[in-house]
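Below, each chain spelled out in residue letters.
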Amino acid sequence: MGQGLVFLVLVTPKITIPIGYAFHVPDPKISEWVKENKRLKKAGVPKSKRPKKPVRSDEYPTISSISIALLKTFVQQHPEIKIEAIVADALYGNAEFMDEASKIAGSAQVISQIRYNQNISFKNSKKSVEKYFENIQPIQKTIHIRGGKGVVVLIKSARIHVCAHRKKRFVIAIKYTGEEDYRYLVASDLTWRYADIIDAFTR
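Procedures and definitions
Residues numbered from 1 in each chain as written. Predicted model: local features only at pLDDT ≥ 70, side-chain atom pairs only at ≥ 80, totals over all residues. Heavy atoms only, no water. Helix = DSSP H or I, 4+ residues; strand = E, 2+ residues; numbered from the N terminus. Buried < 20%, exposed > 50% of the residue type's maximum accessible area, 1.4 Å probe, protein only. Contact = heavy atoms within 4.5 Å. Areas by Shrake-Rupley, 256 points an atom, 1.4 Å probe, with all protein chains shown as cover. Lys, Arg positive; Asp, Glu negative; His and termini not counted. Charge placed at Lys NZ, Arg CZ, Asp CG, Glu CD. Core = buried A, V, L, I, M, F, W, Y, C linked by side-chain atoms within 4.5 Å. Phe/Tyr/Trp six-rings, centres within 6.5 Å; stacked < 30°, edge-to-face > 60°.

Each helix and strand counted, the chain has five helices and ten strands in total. A principal-axis box enclosing the C-alpha atoms of the chain has dimensions of 50 × 45 × 35 Å. In the chain, buried positions account for 36% of the 203 residues. In the chain, the share of contacts with a sequence separation of at least 24, taken over all contacts with a separation of at least 6, comes to 50%. For the chain, the exposed surface amounts to about 13200 Å²; the carbon and sulfur share of it is 53%. Within the chain, the 19 negative side-chain charges are centred at a point lying 6 Å from the centre of the 34 positive side-chain charges.

Before going further, it helps to spend a moment on the nonpolar core. The nonpolar side chains of a soluble globular protein tend to be buried, and buried together. If you look at the biggest cluster of nonpolar residues, it comprises 32 residues, and the most contacted ones within it are Phe-97, Phe-133 and Val-171. For this core, the secondary-structure elements that each account for two or more residues are strand 1 (4-11), helix 2 (63-77), helix 3 (95-104), strand 4 (109-114), helix 4 (129-134), strand 8 (150-162), strand 9 (167-176) and strand 10 (183-187). Among the elements that make up this core, the one with the highest residue count is helix 2 (five residues). Those residues in contact with Phe-133 that lie beyond four places of it in its chain are Lys-156, Ser-157, Ala-158, Val-171, Ala-173 and Tyr-184. Among the nonpolar cores identified, the runner-up in size contains 15 residues, and Ile-111, Ile-172, Ala-187 and Trp-192 belong to it.

Take the packing of aromatic side chains next. As enumerated under the stated definition, the model contains five aromatic pairs in all. Residues Tyr-21 and Phe-23 carry aromatic rings whose centres are separated by 6.2 Å and whose planes lie at 85° to one another, so their mutual orientation is edge-to-face. Taking relative accessible area as the criterion, Tyr-21 reaches 57% and is therefore assigned exposed. Ring centres 6.1 Å apart and planes at 25° place the aromatic pair Phe-133 and Tyr-184 in the stacked group. Pair noted here: Phe-133 is in helix 4 and Tyr-184 is in strand 10, with a separation of 51 residues, a long-range link. Tyr-184 matches Phe-133 in its accessibility class, with the two residues each being buried.

Here is the structure:
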(Lines give C-alpha, C1' and ligand atoms only; values in the text may rest on other atoms or scores of the structure.)
Protein backbone atom coordinates (compact mmCIF):
# COMPACT_ATOMS: atom_id res chain seq x y z
CA MET A 1 0.00 0.00 0.00
CA GLY A 2 2.92 2.35 -0.62
CA GLN A 3 1.82 5.79 -1.77
CA GLY A 4 3.19 7.74 -4.71
CA LEU A 5 3.36 11.51 -4.99
CA VAL A 6 1.84 13.12 -8.10
CA PHE A 7 2.88 16.73 -8.53
CA LEU A 8 2.37 19.58 -10.98
CA VAL A 9 5.13 22.13 -11.64
CA LEU A 10 4.84 25.43 -13.48
CA VAL A 11 7.89 26.28 -15.61
CA THR A 12 8.22 29.86 -16.88
CA PRO A 13 11.15 31.82 -18.35
CA LYS A 14 11.74 33.39 -14.92
CA ILE A 15 10.61 30.93 -12.24
CA THR A 16 9.82 27.26 -11.67
CA ILE A 17 7.42 26.49 -8.82
CA PRO A 18 5.28 23.56 -7.64
CA ILE A 19 1.59 24.37 -8.06
CA GLY A 20 -0.23 21.25 -6.96
CA TYR A 21 0.20 17.75 -5.58
CA ALA A 22 -1.79 14.69 -4.55
CA PHE A 23 -1.10 11.21 -3.23
CA HIS A 24 -1.70 8.12 -5.33
CA VAL A 25 -2.63 4.90 -3.52
CA PRO A 26 -2.77 1.73 -5.64
CA ASP A 27 -6.01 -0.26 -5.66
CA PRO A 28 -5.19 -3.26 -3.39
CA LYS A 29 -7.37 -5.66 -5.41
CA ILE A 30 -5.60 -4.74 -8.67
CA SER A 31 -2.18 -4.89 -6.99
CA GLU A 32 -2.98 -8.40 -5.74
CA TRP A 33 -4.25 -9.41 -9.20
CA VAL A 34 -1.06 -8.12 -10.89
CA LYS A 35 1.09 -10.10 -8.48
CA GLU A 36 -0.92 -13.30 -8.96
CA ASN A 37 -1.18 -12.84 -12.74
CA LYS A 38 2.61 -12.57 -13.00
CA ARG A 39 3.02 -15.73 -10.92
CA LEU A 40 0.55 -17.72 -13.03
CA LYS A 41 2.02 -16.40 -16.29
CA LYS A 42 5.50 -17.45 -15.19
CA ALA A 43 4.09 -20.88 -14.33
CA GLY A 44 2.80 -21.23 -17.90
CA VAL A 45 -0.92 -20.84 -17.18
CA PRO A 46 -2.68 -19.58 -20.36
CA LYS A 47 -4.42 -16.21 -20.26
CA SER A 48 -7.86 -17.80 -20.72
CA LYS A 49 -7.42 -19.68 -17.44
CA ARG A 50 -6.02 -16.82 -15.41
CA PRO A 51 -8.36 -14.57 -13.33
CA LYS A 52 -9.65 -11.46 -15.11
CA LYS A 53 -8.45 -8.04 -14.00
CA PRO A 54 -10.84 -6.65 -11.35
CA VAL A 55 -12.72 -3.40 -11.94
CA ARG A 56 -10.89 -0.44 -10.41
CA SER A 57 -12.59 1.09 -7.36
CA ASP A 58 -13.46 4.80 -7.49
CA GLU A 59 -11.68 5.11 -4.14
CA TYR A 60 -8.35 4.50 -5.90
CA PRO A 61 -8.05 6.80 -8.95
CA THR A 62 -5.23 6.25 -11.44
CA ILE A 63 -2.14 8.43 -11.60
CA SER A 64 -3.35 9.87 -14.92
CA SER A 65 -6.77 10.83 -13.55
CA ILE A 66 -5.16 12.45 -10.50
CA SER A 67 -2.92 14.51 -12.80
CA ILE A 68 -5.86 15.54 -14.96
CA ALA A 69 -7.72 16.73 -11.84
CA LEU A 70 -4.69 18.78 -10.71
CA LEU A 71 -4.37 20.35 -14.15
CA LYS A 72 -8.08 21.12 -14.35
CA THR A 73 -8.00 22.84 -10.95
CA PHE A 74 -5.02 24.98 -11.94
CA VAL A 75 -6.58 26.06 -15.25
CA GLN A 76 -9.88 26.97 -13.55
CA GLN A 77 -8.13 29.00 -10.84
CA HIS A 78 -5.66 30.74 -13.20
CA PRO A 79 -7.38 31.37 -16.54
CA GLU A 80 -4.99 34.29 -17.21
CA ILE A 81 -2.03 31.92 -17.63
CA LYS A 82 -1.56 30.53 -21.13
CA ILE A 83 -0.13 27.02 -21.15
CA GLU A 84 2.08 26.37 -24.17
CA ALA A 85 3.07 22.80 -23.41
CA ILE A 86 2.56 20.03 -20.88
CA VAL A 87 5.48 17.65 -20.31
CA ALA A 88 4.91 14.37 -18.51
CA ASP A 89 7.03 11.25 -18.02
CA ALA A 90 6.50 7.85 -19.63
CA LEU A 91 3.67 6.89 -17.24
CA TYR A 92 1.50 9.42 -19.06
CA GLY A 93 2.30 8.40 -22.64
CA ASN A 94 -1.21 7.18 -23.39
CA ALA A 95 -3.91 8.61 -25.65
CA GLU A 96 -6.43 9.29 -22.88
CA PHE A 97 -4.09 11.46 -20.82
CA MET A 98 -2.54 13.30 -23.77
CA ASP A 99 -5.85 14.17 -25.43
CA GLU A 100 -7.62 15.19 -22.22
CA ALA A 101 -4.69 17.28 -20.93
CA SER A 102 -4.43 19.12 -24.25
CA LYS A 103 -8.17 19.82 -24.25
CA ILE A 104 -8.15 21.18 -20.67
CA ALA A 105 -5.19 23.44 -21.40
CA GLY A 106 -6.70 25.02 -24.51
CA SER A 107 -5.20 22.68 -27.14
CA ALA A 108 -1.71 22.93 -25.63
CA GLN A 109 1.08 20.68 -26.86
CA VAL A 110 1.42 17.54 -24.71
CA ILE A 111 4.76 15.72 -24.67
CA SER A 112 5.47 12.35 -23.08
CA GLN A 113 7.29 9.12 -23.95
CA ILE A 114 6.32 5.76 -25.42
CA ARG A 115 8.03 2.38 -25.10
CA TYR A 116 10.43 1.12 -27.77
CA ASN A 117 8.11 -1.80 -28.56
CA GLN A 118 4.93 0.21 -29.12
CA ASN A 119 3.46 -0.44 -32.55
CA ILE A 120 3.15 2.16 -35.25
CA SER A 121 1.26 1.79 -38.51
CA PHE A 122 3.11 2.52 -41.75
CA LYS A 123 2.03 1.69 -45.33
CA ASN A 124 -0.63 -0.77 -44.15
CA SER A 125 1.80 -2.68 -41.93
CA LYS A 126 2.61 -2.62 -38.23
CA LYS A 127 6.03 -2.55 -36.63
CA SER A 128 7.57 -1.43 -33.36
CA VAL A 129 8.67 2.18 -33.13
CA GLU A 130 12.22 0.92 -32.59
CA LYS A 131 12.12 -1.10 -35.83
CA TYR A 132 10.59 1.81 -37.75
CA PHE A 133 13.43 4.19 -36.84
CA GLU A 134 16.22 1.64 -37.41
CA ASN A 135 16.80 2.61 -41.03
CA ILE A 136 16.36 6.37 -40.59
CA GLN A 137 19.57 8.41 -40.54
CA PRO A 138 19.88 10.51 -37.35
CA ILE A 139 20.61 14.22 -37.14
CA GLN A 140 23.29 15.34 -34.68
CA LYS A 141 22.33 18.37 -32.65
CA THR A 142 23.48 20.22 -29.53
CA ILE A 143 20.69 20.91 -27.04
CA HIS A 144 20.68 22.80 -23.76
CA ILE A 145 18.92 21.13 -20.84
CA ARG A 146 17.19 23.79 -18.72
CA GLY A 147 19.42 26.43 -20.25
CA GLY A 148 22.59 24.75 -19.04
CA LYS A 149 25.62 23.23 -20.68
CA GLY A 150 25.25 21.99 -24.27
CA VAL A 151 24.70 18.25 -24.76
CA VAL A 152 25.18 16.47 -28.10
CA VAL A 153 22.27 14.20 -29.10
CA LEU A 154 21.21 12.11 -32.07
CA ILE A 155 17.67 12.73 -33.30
CA LYS A 156 15.23 11.00 -35.64
CA SER A 157 11.64 12.10 -36.07
CA ALA A 158 8.40 11.33 -37.92
CA ARG A 159 4.72 12.22 -37.84
CA ILE A 160 3.28 8.74 -37.76
CA HIS A 161 0.22 6.74 -36.68
CA VAL A 162 0.67 5.27 -33.18
CA CYS A 163 -1.59 2.23 -32.97
CA ALA A 164 -2.37 2.42 -29.25
CA HIS A 165 -3.31 6.11 -29.63
CA ARG A 166 -5.44 5.45 -32.73
CA LYS A 167 -4.08 8.58 -34.40
CA LYS A 168 -1.00 10.31 -35.75
CA ARG A 169 1.53 11.63 -33.28
CA PHE A 170 4.86 13.40 -33.64
CA VAL A 171 7.37 10.76 -32.53
CA ILE A 172 11.01 11.65 -31.87
CA ALA A 173 13.80 9.17 -31.23
CA ILE A 174 16.54 10.81 -29.18
CA LYS A 175 19.83 9.43 -27.86
CA TYR A 176 22.30 11.28 -25.66
CA THR A 177 26.06 10.91 -26.07
CA GLY A 178 27.23 7.80 -24.24
CA GLU A 179 23.83 6.09 -24.30
CA GLU A 180 23.26 2.84 -26.17
CA ASP A 181 19.51 3.06 -26.72
CA TYR A 182 17.14 5.69 -28.05
CA ARG A 183 14.23 6.97 -26.00
CA TYR A 184 11.04 7.87 -27.84
CA LEU A 185 9.21 11.14 -27.23
CA VAL A 186 5.61 11.51 -28.36
CA ALA A 187 3.82 14.82 -28.94
CA SER A 188 0.16 15.60 -29.58
CA ASP A 189 0.46 18.72 -31.78
CA LEU A 190 1.80 17.82 -35.23
CA THR A 191 2.39 21.45 -36.24
CA TRP A 192 5.37 21.96 -33.92
CA ARG A 193 8.93 21.51 -35.20
CA TYR A 194 10.94 18.67 -33.68
CA ALA A 195 13.46 21.18 -32.29
CA ASP A 196 10.70 23.01 -30.37
CA ILE A 197 9.34 19.76 -28.95
CA ILE A 198 12.79 18.77 -27.69
CA ASP A 199 13.33 22.27 -26.27
CA ALA A 200 10.06 22.05 -24.31
CA PHE A 201 10.90 18.51 -23.15
CA THR A 202 14.31 19.56 -21.77
CA ARG A 203 12.78 22.34 -19.67
